[in-house]
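Structural overview for review
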Amino acid sequence: MNKNSSNTMALAPNTSNKRETVCIFGTGDFGRALGHKMIQSGYPVVYGSRSTQISNLIPKDAEVLGHAEAAQKAAIIIIAIQRQHYNFLIPLAEVLRGKVLVDISNNLKLNQYPESNAEHLAQLLPGSKVVKAFNTVSAWALQSGTLDASRQVFVCGDDVEAKQMVMNIVRALGLTPLDKGSLLAAQEIENYPLQLFPMWKFPIFLSLGLTAFFFLYCVALDIIYTYIYENNDFSFFIAITIPNRVCPVMALILLALVYLPGIFAAIIQLYRGTKYRRFPDWLDKWMLCRKQLGLIALAFASLHVVFTLVTPMRAFASWRTGKGIISQASFVLNNKTEPLDHTNAWLSDSYLALGILGFFLFVLLGITSLPSVSNNVNWREFRFVQSKLGYLALILCTAHTLVYGGKWFLSPSAYKWYLPNIYMLSLIVPCAVLVVKFVLILPCVDKPLTQIRQGWERNPKYSK
Amino acid sequence: MNKNSSNTMALAPNTSNKRETVCIFGTGDFGRALGHKMIQSGYPVVYGSRSTQISNLIPKDAEVLGHAEAAQKAAIIIIAIQRQHYNFLIPLAEVLRGKVLVDISNNLKLNQYPESNAEHLAQLLPGSKVVKAFNTVSAWALQSGTLDASRQVFVCGDDVEAKQMVMNIVRALGLTPLDKGSLLAAQEIENYPLQLFPMWKFPIFLSLGLTAFFFLYCVALDIIYTYIYENNDFSFFIAITIPNRVCPVMALILLALVYLPGIFAAIIQLYRGTKYRRFPDWLDKWMLCRKQLGLIALAFASLHVVFTLVTPMRAFASWRTGKGIISQASFVLNNKTEPLDHTNAWLSDSYLALGILGFFLFVLLGITSLPSVSNNVNWREFRFVQSKLGYLALILCTAHTLVYGGKWFLSPSAYKWYLPNIYMLSLIVPCAVLVVKFVLILPCVDKPLTQIRQGWERNPKYSK
Amino acid sequence: MNKNSSNTMALAPNTSNKRETVCIFGTGDFGRALGHKMIQSGYPVVYGSRSTQISNLIPKDAEVLGHAEAAQKAAIIIIAIQRQHYNFLIPLAEVLRGKVLVDISNNLKLNQYPESNAEHLAQLLPGSKVVKAFNTVSAWALQSGTLDASRQVFVCGDDVEAKQMVMNIVRALGLTPLDKGSLLAAQEIENYPLQLFPMWKFPIFLSLGLTAFFFLYCVALDIIYTYIYENNDFSFFIAITIPNRVCPVMALILLALVYLPGIFAAIIQLYRGTKYRRFPDWLDKWMLCRKQLGLIALAFASLHVVFTLVTPMRAFASWRTGKGIISQASFVLNNKTEPLDHTNAWLSDSYLALGILGFFLFVLLGITSLPSVSNNVNWREFRFVQSKLGYLALILCTAHTLVYGGKWFLSPSAYKWYLPNIYMLSLIVPCAVLVVKFVLILPCVDKPLTQIRQGWERNPKYSK
């Protein structure tokens, strides 16, 4: 930095008439793609490489030099080589002194090394300013211009000026830099591209577990029981009938689980008389994955809808319809007419209507969870949709289940092997949530809660 | 450009080695969350507080001082306290002179005070530079990092330099600043987070009103009339049958109302012979809520689809099917065969196919209304989808209704109490829109209209 | 502020107390809208116009002067006039020397002129610095504040400093500048707003062609053949039955075509033993339109689902059901009972279940293709969904078709006119894709492929 300080002065973004030369070490996929994009955006690019005549894949406007010569030409050097080869940079330490080194590397596994690649680089070359960036961007996306995967570039580093220089390049490439703080954040940033839906893990395992349990429960009660005691083979129920029993149950329970942590939080706040204490960890985590739980619930609800709608197409259904009509037909032949059962018509129509409206609200909630939609509503609107409409959806879906399955509660045939039908199991959580929520919105409970949420404390000493 | 080179030097953002200290007055939820985020992004943060040992909730890297000392340490002071306590800042006026004060406050009601909080602050401390910002961001979103709610930060202020300093902080936090102009805009910005879907209000009230009207109309004709004159109790029609009559009617009318203002605009432009005069206010407002009208229409159409598809699951349906088949069965028993009615098969299949295709296009229109999708198409593509495909959807849906309900026009039984069936009512607006649109695309009408839209004026004096 | 003023000086980007005056030539729609927006964002605006008293539509805070006087007031001049009037700028060449001219013009047709408007302007006024910008933004979007259409502003120009000044204005207006390089890119940028879904053209034409072919194929075999040989008029099949045969076939083939290029790419890489050679052009293009192919396949699949679900509502269906039940009824009358056919129940339920699950995954793939969703997942997650879940969807959909249409393979009645049923045709591509993919994931094939993809080369000379 001492020798070419006049140069770095001019670096000050965009004051100079020309953009600063950027050096890239390494001519692999990512080095080439990044260089290509930089040249497009007006940066002169010089590659540092072992062999200066490597390949026709290198962008044609770029210069290719040895590592040392290339590094001397630029204040920013992008290290597009793998961590295991970082050692070859040590002899170049003098040339790289004061320069900004951009570590773009990724690992193959989470926490593969004790310290992050960028910190490792900083230890090897203590005289250089290391900035972590670009590791979440794919070479393919850079080159093809398809910005399907994320445009966000996470940047971190200990030198604020160096970080700013890198962030300016990121912006010039049409990407969005996001400052994550000091180089300590490099570990987290290097883990990003290796993560596979971390927020979804718990909700997905929970729902897989519950689904397996309910599926086996139904197989036992509907297929095995029937086979043993009634000698009927209904094994084909596995394909549609049982999934269509499990899906609505899962949807209802998961939807209730979205609203349960809010209930717990309210009770804890009421009990403690203050909002200035952290919730237990499990509750914090639960609250952060409510969106995921809700979307999985929506997936189950959608499957339930489609499974239900295909019912008339099933061979089983047409066989049963036929049987029913034939038994009606015998009435006719005997000069009797079976009249329309009005109670039945009311029940059947109202549980269908409740289900449709509940599902409709549910889909609405799902649409407002889309990032682009939720980015366009303000906080009050988001809360209105997710809380008010969400509870309405829960009420409608619970009512739908109650009207449909309500008759089973009293019927003894519903208790095969003295086990309750899964309709009854599915109603426990949602009903509990709705009852407690109803208590919480009674004025005598709601008023202190609102006060607490506005910062009032029953025992102010707690917050100290 | 040669003359102001000293100016462009200074332009270089953030050339200094360290980020500027930021002071936050107030240690409430928002003050803490903002401080936390700022520390993460590399800003030294100092809190100004009455008690300098308040709470373990304050981010641990932040300093806590008295208000005056804290203010002296920074050029930017974030006022994270409520408007009613602003008066305590008056004694600090001398310390705050020349500083940038960021007003982040919100009110509880729309237009709660005659002037905005930020303007009030500027009046109290005329020596400081007040900037309004951050009021639309939630503490929860800042802290948890979930950016579900909006990332946009609206900024306004009278001092351009102060505003720039604040906008740089906004960008450094990974949010998007949006300059709304002078401090006069603070009122509008303070109203943003209190709004509840302002663009949706009129479309929703309109559709609620129309829905109520059509619902009662159907109850009268389908339930009360039948009960009085035919002594049949069809009260269970309320759950599914009548909603499924009202939904398609609403969807069709609202879809036509999306295209009606465009028709009016064309007629007004043709009549005036110029495009350089404002449309009447009601038309402007109507045109701005076309997207909302269209999405509500889509919601009704979706409900109609689901209500229709559950038909075979209804107790009423299976009873009616049974009756139909039994009457067929008596043919068989009498050695007759009822042949397939080809006209009927054609009619039933084509109204279903028209409806499916219309709904398909409708959903396509809905998807392109998603912000992230419409942000990725250019203007010509957006217009192609919303105008060409939209009209095609309107034509298909109108045809669907005509083929389905057409037979009712001539049948006297459709006029109970001399009132037309709602199918007929629903067709008035869409048919009118389509007919006038057809006239407007005739070459003799389209040519002058295109000329007017390209800037030609029949009576150029108008625009003066 | 007093003590560290030197520091804060440097901090303040755009340190000047006021924003730079911007001059706009032309008072048309776009000139007015842009001026309005700029005034809102704090820029003093001066219009250059032939008549200085033109219209009350000009924003009231703007000054209106003659062209020369207006140009003298600003360093940036926005040329909001049409290309055919550019010649009138030649006499102003002296005044415009050294100024930044922003060309915002668009043409009416793709490649209307041999060189782009911006290059033409640069040739007319060689002393000025021409920057292309704003041409993709619509006047309507600017004025109404609706940002439905894109916020991206493509910028290009030969002078980096001039480009930066324009990009700063773009940012100040709340839009996102995207640097496309030198003025040579102007042609491309001017073509953007004239494009109509360029990436969709090939997939749409391909699917229209295939759809037409399969439709006529079905008309021939299902309607004409039946009419000639069985003398049955099934012409009404055109509305629903045949579309519902063509849609699933198209969905399956297009979904397979999404994964076919990946297979080709793997085979080519295996054959060449290196990844450092370009794929043939047709394969590159094919790979870039996979998303579009997949979304069209999803559209066909959705139509298939709705067409299938309306089946029970068709007059034809209720006629056929009636016939079936009546034939059952005669059993009953003869004191026989037709038992449930278990094989049939299994087959019918499992092809429905397979189809539902396949469609569910398919919709999931479609949702992750939404720009806002795919922007929020990292590369590994995106690949997991699009590749793993995508193949699973293909397997499920192929199995759905096999279980449904499998019985036709052996039935001689399926070969009318010695032509195979379209079920069989539809299975060729997906089965081929799945078989080759299965071979490719065998360890003995997968290992060298993975090595090649990590940069290993069988014959390193190839890449030279």
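In this text, all values refer to a predicted model and were calculated from it rather than measured experimentally.

In terms of regular secondary structure, chain A is built from 18 helices and eight strands. By the burial criterion, 54% of the 464 residues in chain A qualify as buried. In chain A, once contacts between residues fewer than 6 apart in sequence are set aside, the share between residues at least 24 apart is 70%. Of the accessible surface of chain A, which amounts to about 21,300 Å², a share of 62% is contributed by carbon and sulfur atoms.

Residues and elements named next belong to chain A. All buried positions along helix α11 (residues 281-288) are accounted for by Leu 283, Trp 286 and Met 287. Down the axis of α11, the buried set is contained in an arc of 95 degrees. They therefore lie on one face. Facing away from the buried side of α11 by over 90 degrees, the exposed positions are Asp 281 and Lys 285. Of the surrounding elements, those touching the buried residues of α11 are α10 (243-272) and α12 (290-309).

One pass over the structure, following the stated rule, counts 39 aromatic pairs over all chains. Relative to Tyr 229 of chain A, the ring of Tyr 225 of chain A lies with its centre 4.6 Å away and its plane at 35 degrees, an arrangement referred to as tilted. One end of the pair, Tyr 225 of chain A, and the other, Tyr 229 of chain A, are both in helix α9 (residues 201-230), four residues apart, so they sit about a helical turn from each other. Ring plane angle 85 degrees and centroid distance 5.3 Å describe the contact between Phe 236 of chain C and Phe 237 of chain C, whose orientation is recorded as edge-to-face. This pair shows no difference in class: Phe 236 of chain C is buried, exactly as Phe 237 of chain C is.

This paragraph deals with the UniProt feature "transmembrane region" (unreviewed entry) in chain A. Residue and element names in this part refer to chain A. As annotated by UniProt and renumbered to match this structure, "transmembrane region" (unreviewed entry) occupies residues 204-229, 249-271, 292-310, 350-368, 389-410 and 422-445. The annotated region residues 292-310 carries 95% helix and 0% strand content, and the separation between its end C-alpha atoms amounts to 27 Å. Annotated as 92% helix and 0% strand, the span residues 422-445 places its first and last C-alpha atoms 33 Å apart.

Positive charge collects at one region of the surface, where Lys 201 of chain A together with Arg 380, Arg 383, Lys 388 and Arg 453 of chain C lie side by side. For the positive patch, the element with the highest residue contribution is helix α16 (residues 379-405) of chain C, accounting for three residues. Its place among the elements puts Arg 453 of chain C in helix α18 (residues 443-453). Given the relative accessible area of 42%, Arg 453 of chain C is considered partly exposed.

With that settled, the discussion passes to the domain arrangement of chain A. A common way to state how big an interface is: give the accessible area lost once the parts meet. For chain A, the domain assignment lists domain 1 (22-194) and domain 2 (200-332 + 341-454). Here the C-alpha centroids of domain 1 of chain A and domain 2 of chain A sit 49 Å apart.

Residues and elements named next belong to chain B. Strand order in this open sheet of eight strands is β3-β2-β1-β4-β5-β6-β7-β8, and the pairing throughout is mixed. In this open sheet, the two strands that pair with only one neighbour each are β3 (63-65) and β8 (176-179). With direction set aside, neighbouring strand axes in the sheet form an average angle of 30 degrees. Helix α2 (residues 29-40) rests against β1 (22-25), β2 (45-48) and β4 (76-79) of the sheet, and its axis sits at about 165 degrees to β2. Against the sheet, helix α5 (residues 117-124) makes contact with β4, β5 (100-103) and β6 (129-132), and its axis sits at roughly 170 degrees relative to β6, the strand it touches most.

Glancing now at the nonpolar core. Ranked by internal contacts, the top residues of the largest apolar core, which has 219 residues, are Leu 394 of chain A, Leu 394 of chain B together with Leu 394 of chain C. Beyond its immediate stretch of four places on either side in the chain, Leu 394 of chain B contacts Leu 252, Leu 255, Ala 256, Tyr 259, Pro 430, Val 433 and Leu 434 of chain B. Counting 37 residues, the second-largest nonpolar core is a separate cluster that includes Val 22, Ala 62, Ala 162 and Leu 173 of chain B.

With that out of the way, let us pick up the packing of α9 of chain A against α12 of chain A. All names here are of chain A. It is at 9 Å that the axes of α9 and α12 come closest, and there the two elements cross at 40 degrees. Taken together, α9 and α12 sit at an angle that is classed as oblique. The element α9 and its partner α12 pack so that their crossing is right-handed. Together, Pro 203, Ile 204, Leu 206, Ser 207 and Thr 211 of α9 and Gln 292, Leu 293, Ile 296 and Phe 300 of α12 make up the contact between the two elements. Split into classes, the residues belonging to the contact of α9 with α12 amount to six nonpolar, three polar and no charged.

Bringing the pairing of strand β6 (residues 129-132) of chain A into the picture now. Residue and element names in this part refer to chain A. Residues Lys 129 and Val 131 of β6 are buried on one face, and the alternating residues Val 130 and Lys 132, pointing to the opposite face, are buried as well. Strand direction decides the pairing type here: strand β5 (residues 100-103) and β6, joined by four bridges, are parallel. Residue pairing across strands places Asp 103 opposite Lys 132, the latter belonging to β6. Where the polypeptide runs from β5 across helix α5 (residues 117-124) and back to β6, its parallel neighbour, the crossover connection is right-handed.

A few words on the pattern of salt bridges. Tallied over the full model, the rule gives 24 salt bridges over all chains. Between Asp 29 of chain A and Arg 32 of chain A there is a salt bridge, and its shortest N-O distance comes to 3.1 Å. A residue pair is termed a helical-turn pair when its members lie 3 or 4 positions apart in one helix, as Asp 29 of chain A and Arg 32 of chain A do in helix α2 (residues 29-40) at three residues. Look at Asp 29 of chain A and you get partly exposed, because its relative accessible area is 31%. Among the ionic pairs, Glu 190 of chain C bridges to Lys 132 of chain C, the shortest N-O distance being 2.7 Å. Taken together, the positions of Glu 190 of chain C in helix α8 (residues 186-191) and Lys 132 of chain C in strand β6 (residues 129-132) put the pair 58 residues apart, joining distant regions of the chain. We classify Lys 132 of chain C as buried; its relative accessible area is 0%.

Attention now moves to a nonpolar patch on the surface. All names here are of chain A. Taken together, the side chains of Ile 224, Tyr 227, Ile 228, Tyr 229, Trp 417 and Leu 419 make up a nonpolar region of the molecular surface, amounting to roughly 610 Å² of accessible area. When you line up the elements, Ile 228 lands in helix α9. We classify Ile 228 as exposed; its relative accessible area is 52%.

Sheet strands line up and pair through hydrogen bonds in the backbone, either parallel or antiparallel. Residues and elements named next belong to chain C. With respect to topology, eight strands assemble into an open sheet ordered β3-β2-β1-β4-β5-β6-β7-β8, the strand pairing being mixed. The sheet is open, and its two edges are formed by β3 (63-65) and β8 (176-179), each paired on a single side. Each strand of the sheet is rotated relative to its neighbour by a mean of 30 degrees, with strand direction disregarded. In this sheet, strand β7 (residues 152-157) lies alongside β6 in antiparallel orientation, the contact comprising two bridges. Bridging from a neighbouring strand, Lys 132 pairs with Cys 156 of β7. Its contacts with the sheet place helix α5 (residues 117-124) against β4 (76-79), β5 (100-103) and β6, and it is angled at close to 170 degrees to β6.

So, about helix α17 (residues 422-440) of chain B. Residue and element names in this part refer to chain B. The end-to-end C-alpha distance of α17 is 28 Å, a good match for the 27 Å that 19 residues give at a rise of 1.5 Å each. The principal kink in α17, of about 30 degrees, is found at Ile 428, preceding the proline Pro 430 by one to four residues. Residues of α17 that are buried in the fold lie against α9 (201-230), α10 (243-272), α16 (379-405) and α18 (443-453).

What follows is about the packing of α10 of chain A against α11 of chain A. All names here are of chain A. Packing of α10 against α11 brings their axes to within 9 Å, and their N-to-C directions diverge by 140 degrees. By the angle class used here, α10 and α11 are oblique. Crossing geometry of α10 relative to α11 is assigned as left-handed. For the pair α10 and α11, contact is made by Leu 257, Leu 260, Pro 261, Gly 262, Phe 264, Ala 265 and Ile 268 and by Trp 282, Leu 283, Trp 286 and Met 287, respectively. Each residue belonging to the contact of α10 with α11 can be placed in one class, and the counts come to 10 nonpolar, one polar and no charged.

All names here are of chain A. Note that His 400 resides in helix α16 (residues 379-405). On the accessibility criterion, His 400 (16% relative accessible area) is buried. For His 400, the side chain forms a polar contact with the main-chain oxygen of Tyr 351, separated by 2.6 Å. Of the polar contacts made by the side chain of His 400, one reaches the backbone nitrogen of Gly 355; its length is 3.4 Å. Apart from the residues within four sequence positions on either side, His 400 is in contact with His 304, Tyr 351, Leu 354 and Gly 355.

About the criteria used
Residues numbered from 1 in each chain as written. Chains lettered and ligands numbered in written order. Predicted model: local features only at pLDDT ≥ 70, side-chain atom pairs only at ≥ 80, totals over all residues. Heavy atoms only, no water. Helix = DSSP H or I, 4+ residues; strand = E, 2+ residues; numbered from the N terminus. Buried < 20%, exposed > 50% of the residue type's maximum accessible area, 1.4 Å probe, protein only. Contact = heavy atoms within 4.5 Å. Areas by Shrake-Rupley, 256 points an atom, 1.4 Å probe, with all protein chains shown as cover. Arc of directions from axis to C-beta. Phe/Tyr/Trp six-rings, centres within 6.5 Å; stacked < 30°, edge-to-face > 60°. UniProt positions renumbered as here; feature names shortened; annotations may be inferred. Patch = residues over 30% accessible without salt bridge, like charges linked within 9 Å, V, L, I, M, F, W, Y side chains within 5 Å. Salt bridge = Lys/Arg side-chain N within 4 Å of Asp/Glu carboxyl O. Lys, Arg positive; Asp, Glu negative; His and termini not counted. Charge placed at Lys NZ, Arg CZ, Asp CG, Glu CD. Domains from an automatic or database assignment. Pairing = 2+ DSSP bridges. Axes fitted to C-alpha atoms, helices over the stretch in contact; angles between N-to-C directions. Core = buried A, V, L, I, M, F, W, Y, C linked by side-chain atoms within 4.5 Å. Parallel < 35°, antiparallel > 145°, perpendicular 65-115°, else oblique. Left-handed = near helix turned anticlockwise from the far one by under 90°. Nonpolar A, V, L, I, M, F, W, Y, C, P; charged D, E, K, R; others polar. Right-handed = clockwise from strand over helix to strand, strands pointing away. Expected span 1.5 Å × (residues − 1). Bend = angle between axes of the 7 residues up to and from the residue. Polar contact = N/O pair within 3.5 Å; in protein donor to acceptor, adjacent residues only side chain to side chain.

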